Amino acid sequence: MGMMTGEEYVESMRRMNLQVYMFGKKIDNPVDDPILRPSLNSVKATYDLAQDPEFEDLMTAASSFTGEKVNRFLHIHQSTEDLMKKVKMQRMLGQQTAACFQRCVGMDAFNAVFSTTYEVDKKYGTDYYNNFVEYAKYCQENDFTVDGAMTDPKGDRGLAPHEQEDPDMFLRVVERRADGIVVRGAKAHQTGVINSQEIIVMPTISMGPDDKDYAVSFAVPTDAEGIIMIIGRQSCDTRKMEGTELDVGNSEFGGVEALVVFNDVFVPNDRIFLNGEVEFAGMLVERFAGYHRQSYGGCKVGVGDVLIGAAALAADYNGCAKASHIKDKLIEMMHLNETLYCCGIACSAEGAPTEAGNYIIDLLLANVCKQNVTRFPYEIGRLAEDIAGGIMVTAPSEADLRGEITGPYVEKYMIGRKGVTVENRLRILRLIENLCLGTAAVGYRTESMHGAGSPQAQRIMISRQSNLPMKKEFAKKIAKISE
Ligand code: SF4
Ligand code: FE
């Protein structure tokens, strides 16, 4: 059917029979739910912008399987240029939505599974690569949004999957049948899963020989029997139910995460990409995490652009745009933000082909990228709050701005520089609040810390990839040390 318009995407989600729960109730129509709809709009933007000639070069690519034009979120990277375009696309989408647009996890899973299955087949003579290629073509043809599911609940973090008291703490195979497998477990904080038609499941850590049942990767539709999604709360989420656009800060776009339960879900043989080949679990994790750590050098930078712009407007509306310390703080924010972008571009430019032929980022630089992302958005947010002033968290509501008794007082005392309306001043303050403390803070702050792996995960990779012995040799040579 080829690429979908944004509207066709929304209609396709309406046809899904998802089992979504929120606030203890089943949500029969997630597409039109006021709390969930902004997250769908963010994904819709990945369809709308792919139709826009201005963004065609970033948003689309020629399929490596068919040559047809496909959405870049479903593309298998063919060059370092593809890797860089991916980052540029993510920055642009961050600028357009100021939210998590969710579709990257599928793209990152696509590229990690593509190369890993090739290497598993080479060693074991399995058919996973072929399974995946057929699946990837099917997703491209239908222009699906695909969720990439990695993080297990993990139970006791000091125990391996097979050592857990409750064996379901890591997703596992509970039954092997002639026509497929049955899986049980859960995947935590799944970005965009309720806005996806398909889900690719991967293991979450390297595994040993006793973890065979846990070394599993596969794809199923998100409305497969046995899948239940429980929406994660976001700070200020119920503001979206109040019908006040101003107080929400970003009323059109948002992100969403859910706990996804796999309650004995059947996976047919042709959708299995790993099944017991434990030594490849680590490769799949490392590659997916590497791609997603690269991703943050794009999306968080785009959202950062919006936050920097909002801080500059807040200063302007307050009448202090010319103060030297404000200018300096904005420069610092831009410096930090562009540093993240440098990392995203650098790990892409230094990418290389895998054995399967698709391109992978430089893993060391991608991990450095994400390590910086665990820090810089916090500093950018701190500076934005500094510039905005305490009013970003104490300003009256939109209802009080419009209130018969309160309105005139809000108008009189919330004024800033001459020529700027109180409403516009409040709008920009609410946007900063949304990004630093509200619903978008999930994506811009805490996800910067923990998404694509917590800081320690990157530090382990940095220590593994940095070649410290070689650095010692450099030092010895210069110091003329012979041992
Ligand atoms: Fe994409 Fe960023 Fe959201 Fe991950 S956090 S899915 S990279 S927008
Ligand atoms: Fe993420």
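Look up a bit, the structure's there.
Residues numbered from 1 in each chain as written. Chains lettered and ligands numbered in written order. Predicted model: local features only at pLDDT ≥ 70, side-chain atom pairs only at ≥ 80, totals over all residues. Heavy atoms only, no water.

Novice: It is not clear to me how the layout of surface pockets should be interpreted in this structure. Could you clarify?
Specialist: The computed volume of the largest pocket comes to approximately 1300 Å³. Lining the largest pocket are 45 residues, with Thr 151, His 450, Ala 452, Gly 453 and Ser 454 sitting closest to its centre. Elements with a contribution of two residues or more to the lining of the largest pocket: strand E7 (180-191), strand E11 (257-268), helix H8 (281-318), helix H16 (441-450) and helix H17 (455-465). In terms of residue count, the dominant contributor to the lining of the largest pocket is H8 (eight residues). Of the residues that constitute the lining of the largest pocket, the class distribution is 19 nonpolar, 17 polar and nine charged. When residues are assigned to domains, the lining of the largest pocket turns out to be shared by domain 1 (6-280) and domain 2 (283-466), each giving three or more. (1 Å grid on protein atoms, 1.4 Å probe; cavity = no way out; pocket = protein on both sides within 12 Å on 5 of 7 lines; lining within 4 Å. Points joined across faces, edges and corners; volume = space filled by probe spheres on them. Helix = DSSP H or I, 4+ residues; strand = E, 2+ residues; numbered from the N terminus. Nonpolar A, V, L, I, M, F, W, Y, C, P; charged D, E, K, R; others polar. Domains from an automatic or database assignment.)

Novice: Sorry if this is basic, but what is going on with the packing of H8 against helix H9 (residues 324-349) here?
Specialist: In helix packing, the relevant descriptors are the interaxial angle and the interaxial distance, both defined with respect to the helix axes. Where H8 meets H9, the axes come as close as 8 Å, and the angle between the chain directions of the two elements is 165°. With respect to their mutual orientation, H8 and H9 come out roughly antiparallel. Our pair here, H8 against H9, has a crossing hand that is left-handed. Between H8, through Gln 294, Gly 297, Lys 300, Val 301, Gly 304, Asp 305, Leu 307, Ile 308, Ala 311, Ala 312 and Ala 315, and H9, the contact on the second element is made entirely by Ile 326, Leu 330, Met 333, Met 334, Asn 337, Glu 338, Leu 340, Tyr 341, Gly 344, Cys 347 and Ser 348. By residue class, the composition of the contact of H8 with H9 is 13 nonpolar, six polar and three charged. (Axes fitted to C-alpha atoms, helices over the stretch in contact; angles between N-to-C directions. Parallel < 35°, antiparallel > 145°, perpendicular 65-115°, else oblique. Left-handed = near helix turned anticlockwise from the far one by under 90°. Contact = heavy atoms within 4.5 Å.)

Novice: Would you take a moment to explain the environment of Tyr 135 for this structure?
Specialist: Checked against the element boundaries, Tyr 135 lands in helix H6 (residues 128-142). Taking the C-alpha atoms as reference points, Tyr 135 and Ala 61, separated by 74 residues in sequence, lie 18 Å from one another. What Tyr 135 contacts, discounting residues up to four positions off in sequence, is Phe 110, Val 146, Glu 198, Ile 199, Ile 200, Ala 219, Arg 271 and Phe 273.

Novice: Got a minute to help me understand the coordination of the iron ion (ligand 2) in this structure?
Specialist: Six octahedral donors around a metal ideally make angles of 90 or 180 degrees; four tetrahedral donors ideally make 109.5 degrees. Distances from the iron ion (ligand 2) to its protein donors, His 292 (NE2), Tyr 296 (OH) and Glu 447 (OE), fall within 2.3 to 2.8 Å. The sequence motif formed by the donor residues of the iron ion (ligand 2) is H-x3-Y-x150-E. Residue His 292 is found in helix H8, and its partner Glu 447 is found in helix H16; the two are separated by 155 residues along the sequence. In this structure His 292 comes out as buried when scored by relative accessible area, which is 8%. Its relative accessible area of 12% is what places Glu 447 among the buried residues. (Donors = N, O, S within 2.8 Å, 3.2 Å for Na, K, Ca; no water. Buried < 20%, exposed > 50% of the residue type's maximum accessible area, 1.4 Å probe, protein only.)

Novice: Explain the pattern of salt bridges here, please?
Specialist: Any two side chains of opposite charge can pair, on the condition that their charged atoms come close. Across all of its chains, the model carries 39 salt bridges by this definition. One salt bridge connects Arg 430 with Glu 433, and the closest N-O pair in it is separated by 3.0 Å. Here the residue Arg 430 and the residue Glu 433 both occupy positions in helix H15 (residues 422-436), the gap between them amounting to three residues, near one helical turn. What makes Arg 430 buried here is its relative accessible area of 6%. Assessed through its relative accessible area of 8%, Glu 433 is described here as buried. Residues participating in the shared-partner salt-bridge network are Glu 245, Glu 398, Arg 402, Glu 423 and Arg 427. (Salt bridge = Lys/Arg side-chain N within 4 Å of Asp/Glu carboxyl O.)

Novice: It is not clear to me how H6 should be interpreted in this structure. Could you clarify?
Specialist: Helical periodicity: at 3.6 residues per turn, an α-helix aligns residues three or four positions apart in one direction. Its 15 residues place the ends of H6 21 Å apart at the C-alpha level, agreeing with the 21 Å of an ideal helix rising 1.5 Å per residue. Within H6, burial applies to Tyr 128, Asn 131, Phe 132, Val 133, Tyr 135, Ala 136, Cys 139 and Gln 140. On its buried face, H6 is in contact with strand E4 (69-71), helix H5 (104-124), strand E5 (146-149), strand E8 (198-201), strand E9 (216-221) and strand E12 (272-275). (Expected span 1.5 Å × (residues − 1).)

Novice: Any chance you could explain the pairing of strand E10 (residues 227-231) here in plain terms?
Specialist: Consecutive residues of a regular strand have side chains that alternate between opposite faces of the sheet. Burial of E10 is one-sided: the residues Ile 227, Met 229 and Ile 231 facing one way are buried, the residues Ile 228 and Ile 230 facing the other way are not. Summarising the sheet, strand E1 (residues 20-22) and E10 pair through two bridges and their orientation is parallel. Paired with Tyr 21 across the strands is Ile 230, a residue of E10. Here E10 runs beside E11; their pairing, made up of five bridges, is antiparallel. Each bridged residue has a counterpart across the sheet, and for Ile 230 the counterpart in E11 is Leu 259. (Pairing = 2+ DSSP bridges.)

Novice: Where do I start with the sheet that holds E12 in this structure?
Specialist: What links the strands of a sheet is backbone hydrogen bonding, and the strands pair in either a parallel or an antiparallel sense. The four strands are arranged E5-E8-E9-E12 in an open sheet whose pairing can be described as mixed. The open sheet terminates on both sides in strands that have one partner only, identified here as E5 and E12. Each neighbouring strand pair of the sheet contributes to a mean axis angle of 20°, computed without reference to strand direction. In the sheet, E5 pairs with E8 via four bridges, with the strands oriented parallel. Within E8, the position partnered with Asp 147 by the bridge is Ile 199. Set on the sheet, H5 makes contact with E5, E8, E9 and E12; between it and E5 the angle comes to about 65°. Sitting on the sheet, H6 touches E5, E8, E9 and E12, and the angle it makes with E12 is about 145°.

Novice: Can you help me understand empty space enclosed by the protein in this one?
Specialist: One water molecule sets the probe size; rolling that probe over the atoms shows where empty space is left. The full count for this structure, using the stated rule, is seven cavities of 30 Å³ or more. Quantified by volume, the largest cavity comes out at close to 100 Å³. Around the largest cavity sit Cys 100, Phe 101, Gln 102, Cys 104, Val 105, Thr 191, His 292, Ser 295, Tyr 296, Cys 299, Lys 300 and Glu 447, which together line it. Looking at the lining of the largest cavity, the elements that each hand over two or more residues are H5 and H8. Take the lining of the largest cavity: its biggest share by element is five residues, from H8. Considered class by class, the residues forming the lining of the largest cavity number six nonpolar, four polar and two charged.

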